[in-house]
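Examining the three-dimensional arrangement
The primary structure of each chain is shown beneath.
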Amino acid sequence: MSAITIRLDDDLERLLRAVSDETGRTRSDIVRDALRRQLALLRFEQVRRRILPFAEARGYLSDEDVMRDVS
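Scope of this entry: the structure provided in the associated data block. What you are looking at is a predicted structure, and each value in this text was computed from that prediction instead of being measured.

Reading the values: rules and limits
Residues numbered from 1 in each chain as written. Predicted model: local features only at pLDDT ≥ 70, side-chain atom pairs only at ≥ 80, totals over all residues. Heavy atoms only, no water. Helix = DSSP H or I, 4+ residues; strand = E, 2+ residues; numbered from the N terminus. Rg over C-alpha atoms; globule rule 2.2 N^0.38 Å. Buried < 20%, exposed > 50% of the residue type's maximum accessible area, 1.4 Å probe, protein only. Lys, Arg positive; Asp, Glu negative; His and termini not counted. Charge placed at Lys NZ, Arg CZ, Asp CG, Glu CD. 1 Å grid on protein atoms, 1.4 Å probe; cavity = no way out; pocket = protein on both sides within 12 Å on 5 of 7 lines; lining within 4 Å. Points joined across faces, edges and corners; volume = space filled by probe spheres on them. Expected span 1.5 Å × (residues − 1). Bend = angle between axes of the 7 residues up to and from the residue. Axes fitted to C-alpha atoms, helices over the stretch in contact; angles between N-to-C directions. Parallel < 35°, antiparallel > 145°, perpendicular 65-115°, else oblique. Contact = heavy atoms within 4.5 Å. Nonpolar A, V, L, I, M, F, W, Y, C, P; charged D, E, K, R; others polar. Polar contact = N/O pair within 3.5 Å; in protein donor to acceptor, adjacent residues only side chain to side chain.

Details of the overall build of the chain
- From N to C terminus, the chain includes three helices and zero strands.
- Along the chain, helices and strands appear, N-terminal first, in the series α-α-α.
- Against the 2.2 N^0.38 benchmark of 11 Å for 71 residues, the chain shows a C-alpha radius of gyration of 19 Å, more extended than a compact globule.
- Its C-alpha atoms put the chain at 50 × 25 × 25 Å along the principal axes.
- Here the chain holds 71 residues, and 7% of them are scored as buried.
- Positive and negative side-chain charges in the chain, numbering 14 and 14 respectively, have mean positions lying 7 Å apart.

Some remarks on the layout of surface pockets
- As a volume, the largest pocket reaches approximately 510 Å³.
- Every residue lining the largest pocket is counted, 16 residues in all, and those nearest its centre are Ile 4, Ile 6, Ser 28, Val 31 and Arg 32.
- If you list the elements that add at least two residues to the lining of the largest pocket, you get helix H1 (10–23) and helix H2 (27–57).
- Considered as a void within the structure, the second largest pocket measures approximately 230 Å³ in volume.
- Lining the second largest pocket, in full, are Phe 44, Val 47, Arg 48, Ile 51, Leu 52, Ala 55, Tyr 60, Leu 61, Ser 62, Asp 63 and Val 66.
- Of all elements in the fold, only H2 and helix H3 (63–70) reach the threshold of two or more residues within the lining of the second largest pocket.

Concerning H2
- Given a rise of 1.5 Å per residue, 31 residues ought to cover 45 Å, and the 45 Å separating the end C-alpha atoms of H2 matches this to within 8%.
- At Ile 51, H2 shows its largest kink, close to 45°, and the proline Pro 53 lies no more than four residues downstream.

Describing the packing of H1 against H2
- At their nearest, the axes of H1 and H2 sit 9 Å apart, and the two run at 110° to each other. One finds that H1 runs roughly perpendicular with respect to H2. Contacts from Glu 13, Leu 16, Arg 17, Val 19, Ser 20 and Thr 23 in H1 reach Arg 27, Ile 30 and Val 31 in H2.
- Counted by class, the contact of H1 with H2 contains four nonpolar, two polar and three charged residues.

Topic: the side chain of Asp 65
- Relative to the elements of secondary structure, Asp 65 occurs in helix H3.
- Among the polar contacts made by the side chain of Asp 65, one reaches the side chain of Arg 68 at a distance of 3.2 Å.
- In this structure, Asp 65 is in contact with Gly 59 and Tyr 60, ignoring residues within four places of it in sequence.

Encoded structure:
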């Protein structure tokens, strides 16, 4: 496992410490989980941008269009 150093402003540090205390999870666990979620979201947005032209060509212009056919 590797280590990384980040700088947090005071408000974010207090919030992180409070959530850690409330949940019993380590600050590292919380930060790793947040980073995983953010990276997954960024990856999803990249894929969505790449396939958007193909979806639009098939008539999928909104999330509702997709949900209509998925449901």
